[in-house]
Amino acid sequence: MKDAAPETIFLKDYAEPHHWVREVHLTFRLAPTETRVLSRITFVPNAQNAGDLVLNGEDLKLITATVDGAIVPMDVSDTHLRIKSADLPTKPFTFEAEVEISPETNTALEGLYMSNGMYCTQCEAEGFRKITYYPDRPDVMATFTVRIESDQPVMLSNGNPTASGEGWAEWHDPWPKPSYLFALVAGDLVNHPDRFTTKSGRDVELNIYVRPGDEDKCAFGMEALKSSMKWDEDTYGREYDLDIFNIVAVDDFNMGAMENKGLNIFNSSCVLASKETSTDANFERIEGIIAHEYFHNWTGNRITCRDWFQLCLKEGLTVYRDQMFSGDMRSHPVKRIEEVLQLRARQFREDNGPLAHPVRPESFVEINNFYTATVYEKGAEIIGMLRRILGDEDYYKGCNLYFDRHDGQAVTIEDWLKAFEDATGRDLSHFQQWYSQAGTPRLKVSEAWEDGTLTLTFTQTTPPTPGQPDKKPQLIPIAVGLIGPNGDEVVPTTILTLSEETQSFTFDGLGARPVASILRDFSAPVILEREIDAATRAFLLANDTDPFQKWEMGRMLAKDTLIDMITRDATPATDYLDAIKAVLTDESLDPAFRALVLGLPSEDDIAQTLFDAGQTPHPQKIHAARQTLRQTLAIHLSDACPTLFRQLETPTFVPDADGSGKRSLRMAVLGLMTLNDGGEAARALYAKADNMTEQLGSLSALLAAGLGAEEIQAFEKQWKNDRLVMDKWYTMQVVHAAPDSTATTVETLTQHPDFTLRNPNRFRAVFGALTANHAGFHHASGAGYETLANHLIKLDKLNPQTTARMCGSFETWRRYDADRQALIRAQLERILATEDLSRDTTEMVNRILGD
């Protein structure tokens, strides 16, 4: 029987399952196209919500199914197996089933699939239903015992190993978990081993499993894992709770990594690292992702989500924890700026378009479409605001009560906040609105000065978003400091809590009118609208004690300069150029910070700024202005750059904060030098580079200057057998392609023998780069739109999840001119008209169109 079209699921309709699960026993007899999965599941009727037994199941061939050993009537459809309550025992019973699945042909990479001969799983959010019949929802938690039968030399699952022999292995996870945390891996793998002793004395075996040949790329990941384990003990008091912790690197993976209990499965790009093949940015990303997945052991695994609408609870909290960790490992100011850059580029864009949704959505058709920047990054910002409002002591009190109260449970946002209310006596009902109201608040500020008193008046508004035309005031923590006319800080950082639409705050007893530093450390995810001239921005850039605001002022000076160049055909002001030079040459500042100040706003950022100001952005004009400003900076800084380039050399490569910061600034300087010296310094560095940061950095500098034809060929010849480095090769060519030839470059690369739609990393390397090339993607011909749509239609047949996420590249379509809107609409409608289009992509395209 075929089910009807997928329906919208609503948070308000949540109901407990009719049956709970106590124990799960699974046996896997692995074969590429005929894997047999035998399940034995102990069900307990839910006296509070009696009803039929409803089990999810997709792409399964049912062989047998019984209840307490007997065959009973059941309805089997494409998506469910249902047994009526009248045919079930009223007491606990055992459901047994045998199904057949085909991992080798599972190109969606959900459930059990194969990657280069290795069996592996991805069950979040709803992949377990492609393995066997089960109530595949996060509030159903049970212990799992797994037996794997295979000729593969390594066979892994969740929990601890209990027994093994020739051709089989058994695992038992004593901690109840939902099905989305189930994991299995079997393949020809080698391990990089280590050990960790917890504070309470538990000796934990650690392994990173990789394909033969990748053993030399595991050491950094292992150190990151051990650092994460210690940090979580020291900072949150959370210890690891099994005898073994395994990580497996997989080439074909839709996401970055997965926190399966005791068996984390990683996209190989997020765990494999060596100085020859990985950049400093790769090392930093790997460190953060390993921490994120490990921290999920408590914030996601031991305590999980009641339903998928609560996804922001486990993800937002865990993102915040990994951000704290990365700041402690490296530089909090630099890390905070990087977080804000990502938030503005991804989440603000999401909040400002047709895909806007609350951090906790009210409904969905396909939950995979809500693994978004709003859920993750904005969810983390909410945790950060909670900590700022409560203070450190009360924040950790609330966390400890949450862990103690809800260990082993599937919970909600209300449960999370109630722990803080009970621990601190605070009323957080207004704060809870951050989870339910979509959109980025706009915060306007005005100043008044009289008789030694500075008054700051804030007014907040949030624009309408889909389904939420009317907005209420949010509870917003605003970090403010005051800088005196001589550049000294006269009032240190103070948290002002804005709870009303308009509210004023006063600072008394001031000897002279200060300059306000507002939204320090980016204390809330808002857009600050402030009338401030270039001289004041330059003053704060030079004197502000808050690193974020110092960077922000440089950023705003650059943005103002670009807007003037685009709209008024102005030339870059000498004051701006001198201010940037002063920061660049200030050796008291962190090199990584200086590199961030030197960086210009992205073309997409400028397009959104123009749109917010009521103007229609022209991609080619934006591109031309940004190129002109880079060239102007290169000339203005030409006397300082060569000296800095020499001074910042790091004879020994160490991927720590100090070394990576120096190389970051050195590569930024090299990019400007290349615009002046015809590529002489970049070619020399490329020829002798012994690490990927400098090799790729010098290649990027050449390509950005329209050079590097020989080097890009040499790069391919050198790295043609390294799949992850070759992803970089693809990306560099598209990102740096001229706008007129971007689509042609993409089409050429898709004909390369090593290009494949089946590998998400390779697809994103090319088409993620296409959408990042703003002027190329939005070329007036529409070739960029058509090229992306052509390949999304092909990919949807293989991998709906990746297809739907890449459709998000069209979400800003309404900010452009009528001709471009018509071109994009035509491609979206063409995608939507595709026969048998997946529900993932159908939902996403319909939301983007917003008709």
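Our subject in this report is the structure included herewith. (Residues numbered from 1 in each chain as written. Predicted model: local features only at pLDDT ≥ 70, side-chain atom pairs only at ≥ 80, totals over all residues. Heavy atoms only, no water.)

## Thoughts on helix H6 (residues 392-406)
We count it as follows: Every helix listed is a DSSP run of H or I at least four residues long, and every strand listed is a run of E at least two residues long, numbered separately from the N terminus. Multiplying 1.5 Å by the residue count of a helix minus one yields the expected span of that helix. We call a residue buried when its accessible area falls under 20% of the maximum for its residue type, exposed when it is over 50%, and partly exposed in between, using a 1.4 Å probe and counting protein chains only. We call two residues in contact when some of their heavy atoms are within 4.5 Å.
Counted at 1.5 Å a residue, the expected span for H6 with its 15 residues is 21 Å, and the 21 Å between its end C-alpha atoms agrees. Of all the residues in H6, the buried ones are Asp394, Tyr395, Tyr396, Gly398, Cys399, Tyr402, Phe403 and His406. Looking at the buried residues of H6, the elements they touch are helix H1 (219-236), helix H3 (311-329), helix H5 (373-390), strand S23 (410-411) and helix H7 (413-424). Phi turns positive one or two residues past the end of H6, at Gly408, with a value near 85°.

## Overview of the pattern of salt bridges
Quick reminder of the rule: Salt bridge, as used here: a side-chain nitrogen of Lys or Arg that lies within 4 Å of a carboxyl oxygen of Asp or Glu.
All told, the structure shown has 68 salt bridges when counted by the stated rule. Here Arg387 ties to Asp392 by a salt bridge, and the two come within 2.8 Å at their closest N and O atoms. Classification of Asp392 by relative accessible area gives partly exposed; the value is 44%. Glu829 serves as the salt-bridge partner of Arg825, at 3.1 Å between the closest nitrogen and oxygen. With Arg825 and Glu829 both in helix H26 (residues 818-832) and four residues apart, this pair spans about one turn of that helix. Note on Glu829: relative accessible area 40%, which makes it partly exposed.

## Notes on the nonpolar core
Short version of the rule: Residue types Ala, Val, Leu, Ile, Met, Phe, Trp, Tyr and Cys, when buried and joined through side-chain atoms within 4.5 Å, form a set referred to as a nonpolar core.
Ranked by size, the top nonpolar core spans 217 residues in total, and within it Phe28, Phe95, Phe182, Trp416, Phe431, Phe458 and Ile478 carry the most contacts. If we ignore the near neighbours within four places in the chain, the residues touching Phe28 are Arg36, Val37, Leu112, Ile131, Val146, Arg147, Ile148, Glu149, Phe182 and Leu184. Judged by nonpolar contacts, the second largest core, of 46 residues, contains Tyr686, Leu696, Leu770 and Tyr785.

## Notes on the side chain of Glu259
Within the secondary structure, Glu259 is located in the loop between strand S19 (257-258) and strand S20 (263-267). For Glu259, a relative accessible area of 2% puts it in the buried group. Here Glu259 is in contact with Glu124, Tyr180, Leu181, Asn264, Glu293, His296, Asn301, Lys314 and Glu315, once residues within four sequence places are set aside.

## Side note on the pairing of strand S25 (residues 453-461)
Regular strands place side chains that alternate from one sheet face to the opposite one. This is how it is decided: For two strands to be treated as a pair, DSSP must find no fewer than two bridges joining them.
The pairing of strand S24 (residues 442-450) with S25 spans nine bridges and is antiparallel. Bridge pairing in S25 links Glu447 to Leu456. Between S24 and S25, which pair antiparallel in sequence order, lie two residues; one of them, Asp451, sits at a positive phi of approximately 50°. Relative to strand S28 (residues 502-507), S25 runs antiparallel, the two sharing six bridges. Across the sheet, residue Phe458 finds its bridge partner in S28, namely Gln503.

## A look at empty space enclosed by the protein
Which parts of space are left empty comes out when a probe the size of a water molecule is rolled across the atoms. As a reminder of what qualifies: Grid points spaced at 1 Å and placed over the protein atoms alone form the basis of the search, with a cavity being a set where a 1.4 Å probe fits but cannot get out and a pocket an open set showing protein on both sides within 12 Å along at least five of seven lines. Lining residues have an atom within 4 Å of a point. Grid points are joined across faces, edges and corners, and a volume is the space filled by probe spheres set on the points.
Per the counting criterion, the structure on display carries one cavity of 30 Å³ or more. Of the voids in this model, the largest cavity is the one considered here, and its volume is about 40 Å³. What lines the largest cavity is Thr299, Gly300, Ile303, Thr304, Cys305, Leu313, Lys314, Leu317, Tyr402 and Val411. Going through the elements one at a time, strand S21 (304-305) and H3 are the ones with two or more residues in the lining of the largest cavity.

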